[in-house]
Amino acid sequence: MALPKVTYINFDGGCTWSVGREEWLFFLVPAFLVYYVAPLLCIAINCGLIISHLHHCRGSLVANRRNKKATALLIGSTLVFAVSWLPYYALEFVNVLSPYVSSA
């Protein structure tokens, strides 16, 4: 995941480096789509299919209670993934698109 960051770095000497806004966007947009949007869609679609199957398989009171717990777990895990990675990408986009933040 860090390989594109390394390829776009232009060392200015010493410990500083700068990356142009366009180069950073060429890395950030595909990374956002591949590492956040695609997995989130896969997780959400599969969880939706499982939840749909659970709701079609209604049985006893114990089975319904288990299905509700499984549904809550699936929704919770999807939300945890979405909420845990969204701030990272939001801050990356703010850093790249903000005129007040230097890329150095």
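Residues numbered from 1 in each chain as written. Predicted model: local features only at pLDDT ≥ 70, side-chain atom pairs only at ≥ 80, totals over all residues. Heavy atoms only, no water.

## Some thoughts on a nonpolar patch on the surface
To be explicit about the condition: Candidate patch residues must exceed 30% relative accessible area and have no salt bridge, after which like charges are joined if within 9 Å and Val, Leu, Ile, Met, Phe, Trp or Tyr side chains if within 5 Å. Each accessible area value is a Shrake-Rupley result obtained with a 1.4 Å probe; residue values ignore everything except the protein chains displayed when judging cover. Between Lys or Arg on one side and Asp or Glu on the other, a salt bridge is scored when a side-chain nitrogen of the former is within 4 Å of a carboxyl oxygen of the latter. Only runs of H or I of at least four residues qualify as helices and only runs of E of at least two qualify as strands under DSSP, and these elements are numbered from the N terminus.
A cluster of nonpolar side chains, namely Val29, Leu33, Val34 and Tyr35, defines an oily patch on the protein surface of about 340 Å² accessible area. Summarising the element assignment, Val34 is placed in helix α2 (residues 21–56).

## Some points on the UniProt feature "transmembrane region" (unreviewed entry) in the chain
Filter applied, for reference: UniProt positions are given in the numbering used here, feature names are shortened, and annotations may be inferred rather than shown by experiment.
Mapped onto the present numbering, the UniProt feature "transmembrane region" (unreviewed entry) falls on residues 24–51 and 72–91. In this annotation, residues 24–51 is assigned 100% helix and 0% strand; the end-to-end C-alpha distance for the span is 39 Å. Along residues 72–91 the backbone is 100% helical and 0% strand, and the end-to-end C-alpha distance reaches 29 Å.

## As for the nonpolar core
Here is the rule we go by: Working definition of a nonpolar core: buried Ala, Val, Leu, Ile, Met, Phe, Trp, Tyr and Cys residues. They are joined through side-chain atoms within 4.5 Å. Classification of residues uses two cut-offs on accessible area relative to the type maximum, computed with a 1.4 Å probe and protein chains only: under 20% is buried, over 50% is exposed, and between them is partly exposed. We call two residues contacting when some pair of their heavy atoms lies within 4.5 Å.
In terms of nonpolar packing, the biggest core is built from seven residues, these being Trp24, Leu28, Tyr36, Phe81, Ala82, Tyr89 and Val96. At the level of secondary structure, the elements contributing two or more residues to this core comprise α2 and α3 (61–97). Counting residues per element, this core draws most heavily on α3, at four residues. Non-local contacts of Tyr36, meaning those with residues more than four positions away in its chain, are made with Ala31, Phe81, Ala82, Trp85, Leu86 and Tyr89.

## Here we look at the packing of α2 against α3
Using the following cut-off: Only the contacting stretch of a helix is used when fitting its axis, a line to C-alpha atoms as for every element, and angles between N-to-C directions run 0 to 180 degrees. For classification, angles of less than 35 degrees are called roughly parallel, those exceeding 145 degrees roughly antiparallel, those between 65 and 115 degrees roughly perpendicular, and all remaining angles oblique. Three classes are used: nonpolar for Ala, Val, Leu, Ile, Met, Phe, Trp, Tyr, Cys and Pro, charged for Asp, Glu, Lys and Arg, and polar for all others, with Gly counted as polar.
At a minimum axis separation of 10 Å, α2 and α3 run at an interaxial angle of 170°. By the angle class used here, α2 and α3 are roughly antiparallel. Residue classes in the contact of α2 with α3 are distributed as 27 nonpolar, four polar and two charged.

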